[in-house]
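Close look at the chain arrangement
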Amino acid sequence: QDQLVESGGGSVQAGGSLRVSCASSGTISRYTMAWFRQAPGEEREFVAAVTWSGSSTYYADSVKGRFTISRDNAKNTVALQMNSLKAEDTAVYYCAQARYPEEFSIARAQYALWGQGTQVTVSS
């Protein structure tokens, strides 16, 4: 079974920036990759996704214009650049790989492989 490992989480002041990364032990080039997040007492929610070729991206309205998702298929990595961070961005951030190749979705059920999560805390 392939594994996803996130890194780069931490604590930052509101208005600051943070970059989280995800490395796969396998090959991700045929799969949509995404970031989800989960705050205490809340459901895991979609944040951003990038298609297998990197040609298209999609963002939740709450992060649009502030976050940027990118991928490097040669290195089997995905990153999320987070700018202008707000207190409400505080959550555990999870990297996820789509269940089926060359399919796009923002639904949790369509992602089959998940990282362990990395904590992002934004102080106001």
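Preceding this section is the structure that the text describes.
In short, a report on the structure. (Residues numbered from 1 in each chain as written. Predicted model: local features only at pLDDT ≥ 70, side-chain atom pairs only at ≥ 80, totals over all residues. Heavy atoms only, no water.)

Observations concerning the overall build of the protein
When you go through the protein residue by residue, the secondary structure sums to 0 helices and 11 strands. In the protein, the succession of α and β elements from N to C terminus is β-β-β-β-β-β-β-β-β-β-β. With respect to the three principal axes, the spread of C-alpha positions in the protein is 40 × 25 × 25 Å. Counting across all 124 residues of the protein, residues that qualify as buried make up 43%. Residue pairs at least 24 apart in sequence account for 59% of intrachain contacts in the protein once pairs closer than 6 positions are excluded. Accessible surface, the protein: about 6,300 Å² in total, of which carbon and sulfur atoms supply 45%. Mean positive and mean negative side-chain charge positions of the protein (11 and 11 charges, respectively) differ by 3 Å. (Helix = DSSP H or I, 4+ residues; strand = E, 2+ residues; numbered from the N terminus. Buried < 20%, exposed > 50% of the residue type's maximum accessible area, 1.4 Å probe, protein only. Contact = heavy atoms within 4.5 Å. Areas by Shrake-Rupley, 256 points an atom, 1.4 Å probe, with all protein chains shown as cover. Lys, Arg positive; Asp, Glu negative; His and termini not counted. Charge placed at Lys NZ, Arg CZ, Asp CG, Glu CD.)

A word on the sheet that holds strand β7 (residues 67-72)
With antiparallel pairing, the 4 strands of this open sheet are ordered in space as β1-β3-β8-β7. Strands with a single pairing partner mark the edges of an open sheet, and in this sheet they are β1 (4-7) and β7. Direction aside, the axes of adjacent strands within the sheet are offset by 15 degrees on average. Across 4 bridges, the pairing between β1 and strand β3 (residues 18-24) is antiparallel. Considered in β3, the bridge of Glu6 is made with Cys22. (Pairing = 2+ DSSP bridges. Axes fitted to C-alpha atoms, helices over the stretch in contact; angles between N-to-C directions.)

Digging into the state of the cysteines
Scanning the entire structure with this criterion turns up 1 disulfide. Covalently, Cys22 is tied to Cys95 through a disulfide, its sulfur atoms 2.1 Å apart. As the torsion about the S-S bond is roughly -75 degrees, the Cys22-Cys95 disulfide counts as left-handed. Of this pair, Cys22 sits in strand β3 while Cys95 is found in strand β9 (residues 91-98), placing the two residues 73 residues apart along the sequence. Like Cys95, Cys22 is buried. (Disulfide = S-S within 2.5 Å.)

Quick look at the environment of Thr90
Looking at the secondary structure, you find Thr90 in the loop between β8 (77-82) and β9. The exposure class assigned to Thr90 is partly exposed, which follows from its relative accessible area of 23%. With 53 residues separating them in the primary sequence, Thr90 and Arg37 have C-alpha atoms 8.7 Å apart. A distance of 2.9 Å separates a polar atom in the side chain of Thr90 from the backbone nitrogen of Val122. (Polar contact = N/O pair within 3.5 Å; in protein donor to acceptor, adjacent residues only side chain to side chain.)

A word on the pattern of salt bridges
Applying the stated criterion across every chain yields a total of 5 salt bridges. One salt bridge connects Glu45 with Arg37, and the closest N-O pair in it is separated by 2.8 Å. Overall, the relative accessible area of 5% leaves Arg37 in the buried class. One network of salt bridges, with partners in common, ties together Arg37, Glu45, Arg66 and Asp89. (Salt bridge = Lys/Arg side-chain N within 4 Å of Asp/Glu carboxyl O.)

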